[in-house]
Every structure is written in structure tokens, then in C-alpha cells.
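# Per-entry structural report
Letter by letter, the chains look like this.
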Amino acid sequence: MAVLISGRGSNLQSIIDAMAQRELDATIAIVISNRTDAAGLKRAQDAGLETATLNPREYDNRDAYDAAIVEMLRAHDVGLVCLAGFMRLVGPRMLAAFPGAVLNIHPSLLPSFPGLDAQRQALEHGVRISGATVHLVTSELDGGPIVMQSAVPVLDDDTVETLSARILVEEHRIYPQAIREVLDGGWRLDGRRFVARRH
Ligand code: GRF
């Protein structure tokens, strides 16, 4: 698989750790960032993974950028693309090249609070429960079929920072699990519903 990042890379780290602990039987063929200053690149290099940075500014438009990513993914024989804090919309070219094989993690219980600043949105809305969602990526922003979710309470004295930290613990727990479930295969989509293989 490939992991696409833009920043800190803590979810990338949780995937690397799950693989090291043999909780996830997979190979990361490449970690791609759209930013040279993404701290996650160092995490990848420390784990001995191949990395690449593709700067969107060096491409004419989104489609050309997506084409470059797709080419790189194909060259690395990637079967599953995991977005982990990748702060760019994925265009139709990438979705067509990897149908049902692009995953994302989002820090809210979707469909509540898609888009940027999900934790702040949840806090400002006043929900008592929020959480993390792993979903298949479609053309709808944060709107694809849900693979796994985990809920956390929102506490009276929460700030964006404390709520984000509580959600992040769940992100790190469920992303490797969800990846394993998708890689296991045998799942199907029933309308919007991701139906895992019966064991
Ligand atoms: C996470 O909160 C993830 O849910 C969101 O972006 C953040 C990335 O954090 N999509 P990290 O780079 O994995 O530490």
C-alpha cells in the first residue's frame, strides 16, 4: 500500500507500528507527501520506507497532479492508498485508478462535521459525543462508505486540543484495524454500507 500525508504523520506512525507488531500484514511501498516539510516524512525514513514529495505547484492543475501520483503509485505496485492527514482533495483520476481502494481517516463521526477543523466544528456545535471515522474515498468530500468508527465523549471543559487528543487515540487504534479489514478482502458494498466478510 501507499500512505499519503501532509504533516505530522502520527497516523502513518500507527500503521508502521501495527505492522511492526504484526497486527497488520501489509507492506508500505511508498509514503508520498505534498509538502517537503511534513514531519511524517522523517517518521517514514526512520522506518526505512521509501518517500517522495510531489509539490502541487509544479503541476498545471489537479488532474496533472493526480496523474503524477497515480503514476508513482502504479510504479510501486500499490493496491491500497491510505490518506493519513493528506490535505488535498483526491480527484477523479485517482479514484478511477484505484476504485474502492482509497481510504481516509477523519476526526469526527461522519457524516457529522466533514471538511476542515472537524474537532472545532464538533465542539462549537455542542455534541456530547464525537470520534473518528475510517471511510472509503469517493468524489464526495468525507462522504464515502464507512469502514470503521469509534466514539469518544466530549467533556464540558474540552478545548479543541483536548478533544483532538482524545479522538487521535481512537484514530491510531482503528486505522490499522480498518486497513486490515479492507485488505482481508471479502467485503462488499450494500448501497452505502460497507459489509465486512463473515468469519
Ligand atoms: C488526523 O486528525 C486525521 O484524522 C486528519 O488529519 C490529521 C492527521 O494527523 N485527516 P497525522 O498527520 O496523522 O498526525
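### Quick notes on the site of the ligand
The environment of the ligand is formed by R8, G9, S10, N11, G85, I105, H106, P107 and E171. Side-chain polar atom of S10 to an oxygen atom of the ligand: 2.5 Å apart, as the coordinates give it. Between an oxygen atom of the ligand and a side-chain N or O atom of E171, the distance comes to 2.7 Å. Secondary-structure elements contributing two or more residues to the shell around the ligand are α1 (10-20) and β5 (102-106). For the shell around the ligand, the per-class residue count stands at two nonpolar, five polar and two charged.

### Here we look at the side chain of E170
Following the sequence through the fold, E170 ends up in helix α6 (residues 160-184). Taking the relative accessible area as the measure of exposure, E170 reaches 14% and is therefore buried. At 2.8 Å, the side chain of E170 forms a polar contact with the side chain of R173. Contact partners of E170, with chain neighbours within four places excluded, come to A132, S150 and V152.

### A look at the nonpolar core
Residues L4, I28 and L73 are the most contacted members of the largest nonpolar core, which totals 61 residues. If you tally residues by element for this core, the top one is α6, at seven residues. Ignoring sequence-local partners within four residues, the contact set of I28 consists of M1, V3, L12, I15, I16, M19 and L49.

### Examining the sheet that holds strand β4 (residues 81-83)
As summarised here, the arrangement of the seven strands in space is β3-β2-β1-β4-β5-β6-β7, forming an open sheet in which the pairing is mixed. Two strands close off the open sheet at either side, each with one partner strand: β3 (51-53) and β7 (146-153). On average, adjacent strands in this sheet sit at an angle of 20° to one another, irrespective of strand direction. Pairing of strand β6 (residues 129-136) with β7, which is carried by seven bridges, proceeds in the antiparallel orientation. Looking at β7, one finds that A132 is bridged to S150.

### Topic: the packing of helix α5 (residues 118-125) against α6
Helix-helix packing is characterised by the crossing angle of the two axes and by the distance between the axes. Direction vectors running N to C along α5 and α6 enclose 115°, while the axes themselves pass 9 Å from each other. Handedness of the crossing formed by α5 with α6: right-handed. In contact with Q119, R120, A122 and L123 of α5, α6 contributes V160, L163, S164 and I167. The class makeup of the residues in the contact of α5 with α6 is five nonpolar, two polar and one charged.

### Thoughts on the pattern of salt bridges
One pass over the structure, following the stated rule, counts six salt bridges. Residues R166 and D158 are paired through a salt bridge, measuring 2.7 Å at the closest nitrogen-oxygen approach.

### Let's talk about unusual backbone geometry
With omega at 10°, the peptide bond leading from L110 into P111 counts as cis. Mapped onto the fold, P111 is located in the loop between β5 and α5. We note that D77 has phi near 60°; this positive angle belongs to a residue other than glycine. Of note, D77 is situated in the loop between α3 (62-75) and β4.

Rules used in this analysis
- Residues numbered from 1 in each chain as written.
- Predicted model: local features only at pLDDT ≥ 70, side-chain atom pairs only at ≥ 80, totals over all residues.
- Heavy atoms only, no water.
- Near = heavy atom within 4 Å.
- Polar contact = N/O pair within 3.5 Å; in protein donor to acceptor, adjacent residues only side chain to side chain.
- Helix = DSSP H or I, 4+ residues; strand = E, 2+ residues; numbered from the N terminus.
- Nonpolar A, V, L, I, M, F, W, Y, C, P; charged D, E, K, R; others polar.
- Buried < 20%, exposed > 50% of the residue type's maximum accessible area, 1.4 Å probe, protein only.
- Contact = heavy atoms within 4.5 Å.
- Core = buried A, V, L, I, M, F, W, Y, C linked by side-chain atoms within 4.5 Å.
- Pairing = 2+ DSSP bridges.
- Axes fitted to C-alpha atoms, helices over the stretch in contact; angles between N-to-C directions.
- Left-handed = near helix turned anticlockwise from the far one by under 90°.
- Salt bridge = Lys/Arg side-chain N within 4 Å of Asp/Glu carboxyl O.

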